[in-house]
Amino acid sequence: MPIVASGIGSGLDVNNIVSQLLGLERQPLVDLDRKEAGYQAKLSAYGSIKGALSSLQTAIRSLSDLSKFQTFKATSADTTVYTATGSATAITGNYAIEVVKLAQIHKIASAGQASSTATIGTGTATTLTFDFGTISGGTLGGDGRYTGASYTLNPAQGSKTITIDSTNNTLEGIRNAINAAGIGVSASIVNDGTASAPARLVLSSGSSGVANSLRIAVSGDAALASLLAYDPEGAQNPVQTVAAQDAELNVDGISGIKKSSNTITDVIQGVTLNLVKPSATGVAASLVVTRDTAAVKTSVENFVKSYNSVQQTLTGLTEFNASTKRSSILQGDAGARSIQQQLRASLNSAVQFVDGEYTLLSHIGVSFQKDGSLSIDAVKLQSAIESNFNDVASLFAALGKASDSLVSYVSGNSKTKPGSYDVALTTLATRGLYNAAATPAFPITIDADNNNFSVKIDGVSSGTISLAQNSYATAAALAAEIQAKINGDSALAAAGRTVTVTHDGTNFVVTSNRYGSVSKVEFSTVDTNTSATIGFSVGAGAAGVDVAGTINGVAAGGSGQFLTGVVGDDSEGLRLQIIGGSTGSRGTVNYSQGYAYQLDKLAANLLGENGAVSSRTDGINSSIRDIASQREAFNLRLVGVERRLRAQFTSLDLAISRLKSTGDFLTQQLAQLQNLK
């Protein structure tokens, strides 16, 4: 813009005049600012709604999941003897518990070494194979060695191996290698105080109980074998320092209950016992299992409080204040009104297909007030929780209940519709298995000609599996050895592939522990005489079969034991586990979605990418951006207006200046004429 010396000739205050005119021109900008402030206020209001909905989601999730809803308390009368915790599957009751023995971990100690850092042996690569099993019979001598004992592998524990070579063939190196391998064995070095050879390697089983006693086979360096080889049936170079022992307890007069661990989950349904010390002889400490009604009541109260908070937020943002005669920022806003209506509607309808006495919130003492908030009748709620706990749970959570005890409800999803669904099966799931050829009579000797093979379990290949070379007196003993070695293979263990090995009286049967078409057992390689001795040969066994059937009369998806409702049907996403039974009709599954589940799903939809909150805030942000564009365009126009006004008033200023000069000239001429008279 050119520099203009306004008002020089005429005396007009051009700057002030232009400024005032531009002020009038800028009035639409003031209106835009006012509109933008209104949109920003609405954006902030929706932020408050979003926060309230998020808080509601947090509160209701403790009620929308049935497993979180069902809580029990297990109270020990003497926590110095045992402690207890309850889970969702517990049953209320009183129990008398006496702890007779605590479970112990098997420990063995090597012969002393002069130094923990001195090398042992030649450094030849040596394999240490650790087995876990039961030592029985025989006599334990005062030197910590067994005579005449037998060792039976624990089929639930696989064999584990580590390698010792020139990089770690010291006592410290062996200790570190064992601990780093994570094989269920821990190692430490103890100084026993002797002068010449004080350093002793102590090895401990990672699990307590008699079935987890150690056995160590050493293949390679003779010096390492003389230090570490341990077989309760044979050479015992380390000696036993602590015998493995099961925990023993008496429950309600049932004596001699033995468990491998001091943490016991399978004696009293749904209760975990943590044994601390043996009881005084003949003294039982009571255990009381009760429903944690306080936790449930608190969850319901939090649910009501959070719902009321959302409603209060929405009401405050949408109401007209009669006393101040002022409208709230979102009064008349369709989005806010829709959210409020949807929340109220979700709690006004009865829960459909619920398998219980309660179908409405009012049945348990939760009811609407005139202002749209919820209130709680604490006495009625407490009575409902104590008398019909499961029905209260189904009123809030998503729940499926099957009429057949061998059909188990697993889950539904957001697309599963409440309903009663017929279930029929055409095929039951099976596991893949390999049937070996008939085996010779026992005892059977396993040696270098028949101890190696490799397998593929459920599509995962093992490394070379080596059975312990030994004479096996029974089929059960050899089956346990085969199972332990397969399950102990590192590649299979890493992939979670396991098998069960049995002997049916004629031949060995290797069965995958998975169900369905992915379940397969295949022998990839076998030693020369393995087929003749054990019955194994290269080849695959029969593959498993997936469950097949219908839900709601529509062919369902089958995977292993799981049957799932298909896309497009009302049962879509309904997941059932078929544990056993027969083909044909298997009854019905009632699936209901309680209030907390419905609200959780509604809140997720409202807050989702395409939900009402996001859609409305996107619209408001779009309006704010549009105002910014309008402001930018208007400011550009004002620049032109100001330029035009200044040009016009500058021209006027010059014109007036010229007229003034002419007037002054004429005045002078007239004055001169007057003087001539």
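Cut-off values and rules
- Residues numbered from 1 in each chain as written.
- Predicted model: local features only at pLDDT ≥ 70, side-chain atom pairs only at ≥ 80, totals over all residues.
- Heavy atoms only, no water.
- Helix = DSSP H or I, 4+ residues; strand = E, 2+ residues; numbered from the N terminus.
- Rg over C-alpha atoms; globule rule 2.2 N^0.38 Å.
- Buried < 20%, exposed > 50% of the residue type's maximum accessible area, 1.4 Å probe, protein only.
- Contact = heavy atoms within 4.5 Å.
- Areas by Shrake-Rupley, 256 points an atom, 1.4 Å probe, with all protein chains shown as cover.
- Lys, Arg positive; Asp, Glu negative; His and termini not counted.
- Charge placed at Lys NZ, Arg CZ, Asp CG, Glu CD.
- pLDDT = per-residue confidence, 0-100.
- Phe/Tyr/Trp six-rings, centres within 6.5 Å; stacked < 30°, edge-to-face > 60°.
- Lys NZ or Arg CZ within 6 Å of the ring centre and 35° of its normal.
- Pairing = 2+ DSSP bridges.
- Axes fitted to C-alpha atoms, helices over the stretch in contact; angles between N-to-C directions.
- Core = buried A, V, L, I, M, F, W, Y, C linked by side-chain atoms within 4.5 Å.
- Salt bridge = Lys/Arg side-chain N within 4 Å of Asp/Glu carboxyl O.
- Parallel < 35°, antiparallel > 145°, perpendicular 65-115°, else oblique.
- Left-handed = near helix turned anticlockwise from the far one by under 90°.
- Nonpolar A, V, L, I, M, F, W, Y, C, P; charged D, E, K, R; others polar.

## With respect to the overall build of the chain
Okay, so step 1: Along the backbone of the chain there are 14 helices and 41 strands.
Okay, so step 2: A globule of 677 residues ought to have a C-alpha radius of gyration of about 26 Å, yet the chain, at 42 Å, is considerably larger.
Okay, so step 3: Dimensions of the chain, computed from the C-alpha atoms along their principal axes, are close to 165 × 70 × 55 Å.
Okay, so step 4: Put simply, the chain has 677 residues, and 40% of those count as buried.
Okay, so step 5: In the chain, the share of contacts with a sequence separation of at least 24, taken over all contacts with a separation of at least 6, comes to 72%.
Okay, so step 6: When the accessible surface of the chain is summed, it comes to about 32200 Å², and 51% of that surface belongs to carbon and sulfur atoms.
Okay, so step 7: Distance from the positive charge centre (49 side chains) to the negative charge centre (52 side chains) of the chain: 12 Å.

## Considerations on the side chain of Asn 168
Okay, so step 1: Secondary-structure assignment places Asn 168 in the loop between strand 9 (160–164) and helix 4 (171–181).
Okay, so step 2: For Asn 168, a relative accessible area of 14% translates into the label buried.
Okay, so step 3: Each residue touching Asn 168, except ones within four places of it in the same chain, is listed here: Thr 163, Gly 173, Ile 174 and Ala 177.

## Some thoughts on unusual backbone geometry
Okay, so step 1: Cis peptide bonds are those with omega within 30 degrees of zero, and the linkage from Phe 442 to Pro 443 qualifies with 5°.
Okay, so step 2: Assignment of secondary structure puts Pro 443 in the loop between strand 26 (431–438) and strand 27 (444–446).
Okay, so step 3: Backbone geometry at Asp 458 places phi at a positive 50°, although glycine is not the residue there.
Okay, so step 4: Locating Asp 458 in the fold gives a position in the loop between strand 28 (452–457) and strand 29 (460–461).

## A few points about the confidence of the model for the chain
Okay, so step 1: The predicted model of the chain has a mean per-residue pLDDT of 89, with 96% of residues at 70 or higher.
Okay, so step 2: Note on residues 1–5: pLDDT under 50 across the span, and 5 contacts to partners over four residues away in sequence or across chains.

## Examining the packing of aromatic side chains
Okay, so step 1: Tallied over the entire structure, the rule returns 10 aromatic pairs.
Okay, so step 2: Here Tyr 409 and Tyr 591 contribute two aromatic rings whose centre-to-centre distance is 6.0 Å and whose plane-to-plane angle is 40°, an arrangement assigned as tilted. Highlighted residues: Tyr 409 in strand 24 (residues 407–411) and Tyr 591 in strand 41 (residues 584–593), separated in sequence by 182 residues. Residues Tyr 409 and Tyr 591 agree in their burial class; the two are buried.
Okay, so step 3: Plain terms: the ring middles of Tyr 434 and Phe 523 are 4.6 Å apart, the flat faces sit at 50° to each other, and that makes the pair tilted. Linking Tyr 434 in strand 26 with Phe 523 in strand 34 (residues 521–526), this pair joins segments that are 89 residues apart in sequence. Grouping residues by exposure puts Tyr 434 and Phe 523 together as buried.
Okay, so step 4: Ring-pair connections join several aromatic residues into one group, and the members of that group are Tyr 434, Phe 442, Phe 453, Phe 508, Phe 523 and Phe 536.
Okay, so step 5: The ring of Phe 562 has Arg 575 sitting right over it, with the charged end atom 4.1 Å from the ring centre.

## Description of the sheet that holds strand 37 (residues 554–555)
In a beta sheet, neighbouring strands are held together by backbone hydrogen bonds and run either parallel or antiparallel to one another.
Okay, so step 1: The antiparallel open sheet is built from 5 strands, whose spatial order is 23-41-25-36-37. Every interior strand has two partners, whereas the edge strands, strand 23 (398–402) and strand 37, have only one.
Okay, so step 2: Two elements, strand 25 (residues 419–427) and strand 36 (residues 548–551), share 4 bridges in a ladder whose sense is antiparallel. Pairing of Val 423 across the sheet is with Ile 551, part of strand 36.
Okay, so step 3: Relative to strand 41, helix 13 (residues 595–607) is tilted by about 65°, and along the sheet it contacts strand 23 and strand 41.

## Things to note about the nonpolar core
Okay, so step 1: Residues Ile 49, Phe 303, Leu 343, Ile 364 and Phe 396 are the most contacted members of the largest nonpolar core, which totals 44 residues.
Okay, so step 2: Of all elements in the fold, only helix 2 (27–64), helix 6 (293–318), helix 7 (334–348), helix 8 (378–387), helix 9 (389–396), helix 13 and helix 14 (612–675) reach the threshold of two or more residues within this core.
Okay, so step 3: Counting 33 residues, the second-largest nonpolar core is a separate cluster that includes Ala 199, Ala 225, Leu 227 and Ala 229.

## Brief notes about the pairing of strand 36
Okay, so step 1: Burial of strand 36 is one-sided: the residues Gly 549 and Ile 551 facing one way are buried, the residues Ala 548 and Thr 550 facing the other way are not.
Okay, so step 2: Here strand 36 hands over to strand 37 after 2 residues, with Asn 552 in that stretch at a positive phi of 65°.

## A word on the pattern of salt bridges
Okay, so step 1: Summed over all chains, the structure comprises 12 salt bridges.
Okay, so step 2: Taking the shortest distance from any N to any O, the salt bridge between Lys 259 and Asp 266 comes out at 3.3 Å.
Okay, so step 3: Classification of Lys 259 as partly exposed rests on a relative accessible area of 23%.
Okay, so step 4: Classification of Asp 266 as exposed rests on a relative accessible area of 53%.
Okay, so step 5: Linked through salt bridges whose partners overlap, the residues forming this network are Asp 131, Arg 215, Glu 481 and Lys 485.

## Side note on the sheet that holds strand 40 (residues 575–578)
Okay, so step 1: One open sheet accounts for 4 strands, arranged 24-40-39-38; its pairing is antiparallel. The sheet terminates laterally at strand 24 and strand 38 (557–559), the two strands that pair on one side only. The average undirected angle you get between the axes of adjacent strands in this sheet is 30°.
Okay, so step 2: By the bridge criterion, 3 bridges tie strand 38 to strand 39 (residues 562–564) in an arrangement that is antiparallel.

## Some remarks on the packing of helix 6 against helix 7
Okay, so step 1: Taken N-terminus to C-terminus, the directions of helix 6 and helix 7 make an angle of 150°; their axes are 10 Å apart at the nearest point. Relative to helix 7, helix 6 is oriented roughly antiparallel. In this structure, helix 6 crosses over helix 7, and the sense of that crossing is left-handed. Contact residues: Phe 303, Tyr 307, Val 310, Gln 311, Leu 314, Thr 315 and Thr 318 in helix 6; Ala 336, Ile 339, Gln 340, Leu 343, Arg 344 and Leu 347 in helix 7.
Okay, so step 2: Its residues placed into classes, the contact of helix 6 with helix 7 shows 8 nonpolar, 4 polar and 1 charged.

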